[in-house]
Amino acid sequence: MTSADFRFIRELAYRQTGIVLPERKQHMVYSRLCRRLRALKLTTFKEYCQYLLDTPDELGQFINALTTNLTSFFREKHHFDYLKNTLVSSWQQQQKRRIRIWSSACSTGEEPYSMAMSVASLFGNASCDTKILATDLDTNVLQKAQSGVYPIEALENIPNEYQEKFLMRSGSQIKIKDKLQQHIHFKQLNLLNDWPMQGKFDVIFCRNVLIYFDNDTKTQIIRKFRRLLADDGLLFIGHSETLHQISDDFSLIGQTIYKPI
Ligand SMILES: C[S@@+](CC[C@H](N)C(=O)[O-])C[C@H]1O[C@@H](n2cnc3c(N)ncnc32)[C@H](O)[C@@H]1O
């Protein structure tokens, strides 16, 4: 991969996804895209860059190859404890009739399923219409998320109280039961583009994705979250992320939990 190839790739990735790829990530980019070269039987990155220019359909595969999808059930567990112990109980007390939750970089689905388990006491309650929207840019991870199938090792992170209730075991795999899955709607959405949603959300999770963006992109996205968040809603971001110097529209109320000002 020449520096010209890397420059082309990082600029295309930035324009399409907002993801910043510094020089130090060149090796990672190389190994992730090598698989595409092999699949397409191309021998040089120069050919691959030309292929990207000539074949707009390759863009999706290019993006899927470059995203980092690391996630797990109940990752940063304090957020799910807060959801269950603080938010759900206050919604129940207020007799709230409509709850909208958004997992905005849901990867392979562990995050929205963990949210769903945490708020499950609201499901099936005829007077409270509860929905979780789960979106990501990467179409491969969305397919996995939609299948609801995970290796059995994933159980290590799922509290016992939820295992019987929401999961089925089959050999070396677990599957999310339909009664949980039916409350989650998976859709492809690029945080960089226009968003079709109009209604207000009570909770937005945008965790461990802002780290890949520069400050301008973060600022724009956070501004858009503010518009879509209810005045009494909350925004949850990842453990190494902050809104400091990114947005004045929010104040910190817990560990990487923000409320609109
Ligand atoms: C590291 S994962 C985080 C998953 C989950 N939120 C968590 O914290 O465990 C980051 C996800 O952000 C997605 N992503 C990257 N750029 C994006 C963009 N512009 N729009 C939407 N999703 C994006 C990636 O595809 C990836 O699945």
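Given the structure is predicted, the values throughout are model-derived calculations rather than measurements. (Residues numbered from 1 in each chain as written. Predicted model: local features only at pLDDT ≥ 70, side-chain atom pairs only at ≥ 80, totals over all residues. Heavy atoms only, no water.)

### A closer look at the packing of helix 3 (residues 45-54) against helix 4 (residues 58-66)
Inference 1: The geometry of helix 3 relative to helix 4 is characterised by a closest axis approach of 8 Å and an angle of 130° between their N-to-C directions. Between helix 3 and helix 4, the angle falls in the class oblique. Mapping the contact onto sequence places Y48, Y51 and L52 in helix 3 and E58, L59 and F62 in helix 4.
Inference 2: Residues belonging to the contact of helix 3 with helix 4 are distributed by class as follows: 5 nonpolar, no polar and 1 charged. (Axes fitted to C-alpha atoms, helices over the stretch in contact; angles between N-to-C directions. Helix = DSSP H or I, 4+ residues; strand = E, 2+ residues; numbered from the N terminus. Parallel < 35°, antiparallel > 145°, perpendicular 65-115°, else oblique. Contact = heavy atoms within 4.5 Å. Nonpolar A, V, L, I, M, F, W, Y, C, P; charged D, E, K, R; others polar.)

### Details of the packing of helix 1 (residues 3-17) against helix 4
Inference 1: Contact geometry for helix 1 and helix 4: axes closest at 11 Å, N-to-C directions at 95°. Taken together, the axis directions place helix 1 and helix 4 in an arrangement best described as roughly perpendicular. Facing helix 1, whose interface residues are I9, L12, A13, Q16 and T17, helix 4 presents L59, F62, I63 and L66.
Inference 2: Tallied by class, the residues present in the contact of helix 1 with helix 4 amount to 7 nonpolar, 2 polar and no charged.

### Here we look at the UniProt feature "domain: CheR-type methyltransferase" (unreviewed entry) in the protein
Inference 1: The residues that UniProt annotates with the feature "domain: CheR-type methyltransferase" (unreviewed entry) are residues 1-261.
Inference 2: This span, residues 1-261, is 42% helix and 21% strand, and a straight line between its end C-alpha atoms measures 47 Å. (UniProt positions renumbered as here; feature names shortened; annotations may be inferred.)

### Describing the domain arrangement of the protein
Inference 1: The assigned domain composition of the protein is domain 1 (3-66) and domain 2 (77-260).
Inference 2: With centres defined by C-alpha atoms, the gap from domain 1 to domain 2 works out at 30 Å.
Inference 3: At the interface, 10 residues of domain 1 touch 10 residues of domain 2.
Inference 4: Carbon and sulfur atoms make up 48% of the area that domain 1 and domain 2 hide from each other, which totals about 820 Å². (Domains from an automatic or database assignment. Buried area = accessible area lost by both parts, 1.4 Å probe.)

### Some remarks on the site of the ligand
Inference 1: Taken together, 21 residues lie near the ligand, and T71, R75, A105, D136 and N208 sit nearest.
Inference 2: In this structure, T71 approaches the ligand through a side-chain N or O atom, which is 2.6 Å from an oxygen atom.
Inference 3: Within the contact set of the ligand, a nitrogen atom lies 2.9 Å away from a side-chain nitrogen or oxygen of N190.
Inference 4: Burial of the ligand by the protein amounts to 99% of the accessible area it has alone, namely 600 Å².
Inference 5: Classifying every residue of the shell around the ligand by side-chain character gives 8 nonpolar, 8 polar and 5 charged. (Near = heavy atom within 4 Å. Polar contact = N/O pair within 3.5 Å; in protein donor to acceptor, adjacent residues only side chain to side chain. Areas by Shrake-Rupley, 256 points an atom, 1.4 Å probe, with all protein chains shown as cover.)

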